[in-house]
Amino acid sequence: MSAEGCEGVQKCNLEDLIPELGKIKETSEDSFTHKLFRIIDDNGLKDSDVYNAAGINKMVFSNMRKGVIPKKKTVLQLCLALPVDIDRATDLLSSAGYSFVLSDRFDKTIKKIIEAKNTKNLTRIDVIDLILYELGLPVFNNVC
């Protein structure tokens, strides 16, 4: 096998195949943790207010501060609770390795709720759960 600039697999240098490959780096600004806590800081929020509004366990939230990427459900809860628009929510979701699946009714509904919600205040997840329950969709936390 040969590729332009390479003779044989053993002698092939990735830099020859893909110039500037070494310049591609993940920066801390790209990380989920950085983006999440930037949103919290930019809005002058307390961590406890955020994890309570999102219906997230304090330990799970603490792990996020340490760089642990949560499940998609947890990231969606944060996107719903935080005062963010759909672009920022999509970016936060993406930084955790997830996306809205627009063929999925639940994801489409969550996206619409984020588009319609107030981006000036925290939104409590229990309010969102009532909407989801009324639509016959799965809820984040138990609703009576």
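The rules we used
Residues numbered from 1 in each chain as written. Predicted model: local features only at pLDDT ≥ 70, side-chain atom pairs only at ≥ 80, totals over all residues. Heavy atoms only, no water. Salt bridge = Lys/Arg side-chain N within 4 Å of Asp/Glu carboxyl O. Helix = DSSP H or I, 4+ residues; strand = E, 2+ residues; numbered from the N terminus. Phe/Tyr/Trp six-rings, centres within 6.5 Å; stacked < 30°, edge-to-face > 60°. Buried < 20%, exposed > 50% of the residue type's maximum accessible area, 1.4 Å probe, protein only. Patch = residues over 30% accessible without salt bridge, like charges linked within 9 Å, V, L, I, M, F, W, Y side chains within 5 Å. Areas by Shrake-Rupley, 256 points an atom, 1.4 Å probe, with all protein chains shown as cover. Core = buried A, V, L, I, M, F, W, Y, C linked by side-chain atoms within 4.5 Å. Contact = heavy atoms within 4.5 Å.

### Here we look at the pattern of salt bridges
Think of it this way: side chains of opposite charge can pair up when their charged atoms draw near. Under the defined criterion, the tally for this structure stands at 6 salt bridges. Here Glu115 and Lys112 are joined by a salt bridge, their closest N and O atoms 3.7 Å apart. One end of the pair is Glu115 and the other is Lys112, both in helix H7 (residues 105-116) and 3 residues apart, which spans about a single turn.

### As for the packing of aromatic side chains
Each pair of aromatic rings is reported with the distance of its centres and the angle of its planes. Enumeration over the complete set of coordinates arrives at 3 aromatic pairs. Consider the rings of Phe37 and Phe61, whose centres lie 5.5 Å apart with planes at 75°: the pair is edge-to-face. Taken as a pair, Phe37 in helix H2 (residues 32-42) and Phe61 in helix H4 (residues 58-65) lie far apart in primary sequence, 24 residues in all. By relative accessible area, which is 6% here, Phe37 ends up buried. Grouping aromatic residues by their ring pairs yields a cluster made of Phe37, Tyr51 and Phe61.

### With respect to a nonpolar patch on the surface
A cluster of nonpolar residues, Val127, Ile131 and Leu135, forms a patch on the protein surface that exposes about 230 Å² of accessible area. Among the structural elements, Val127 can be located in helix H8 (residues 125-134).

### A word on the nonpolar core
Formed by 35 residues in total, the largest nonpolar core has its most connected members in Leu36, Phe61, Leu78, Leu82, Ile110 and Phe140. At the level of elements, H2, helix H3 (47-54), H4, helix H5 (72-81), helix H6 (86-95), H7 and H8 are the ones that each hand at least two residues to this core. Top contributing element to this core by residue count: H5, with 6 residues. Discounting residues that sit within four places of it in the chain, Phe140 has contacts with Lys73, Leu76, Gln77, Leu80, Phe106, Ile110, Ile125, Ile128, Asp129 and Leu132.

### Some remarks on the side chain of Thr109
Mapped onto the secondary structure, Thr109 falls in helix H7. Those residues in contact with Thr109 that lie beyond four places of it in its chain are Leu132, Leu135 and Leu137.

### A word on the environment of Lys72
Along the polypeptide, Lys72 turns up in helix H5. Sequence spacing of Lys72 and Ala96 is 24 residues, and the spatial spacing of their C-alpha atoms is 7.9 Å. Once residues lying within four places of it in the same chain are set aside, the contact partners of Lys72 are Leu93, Tyr98, Ser99, Val101 and Asp107.

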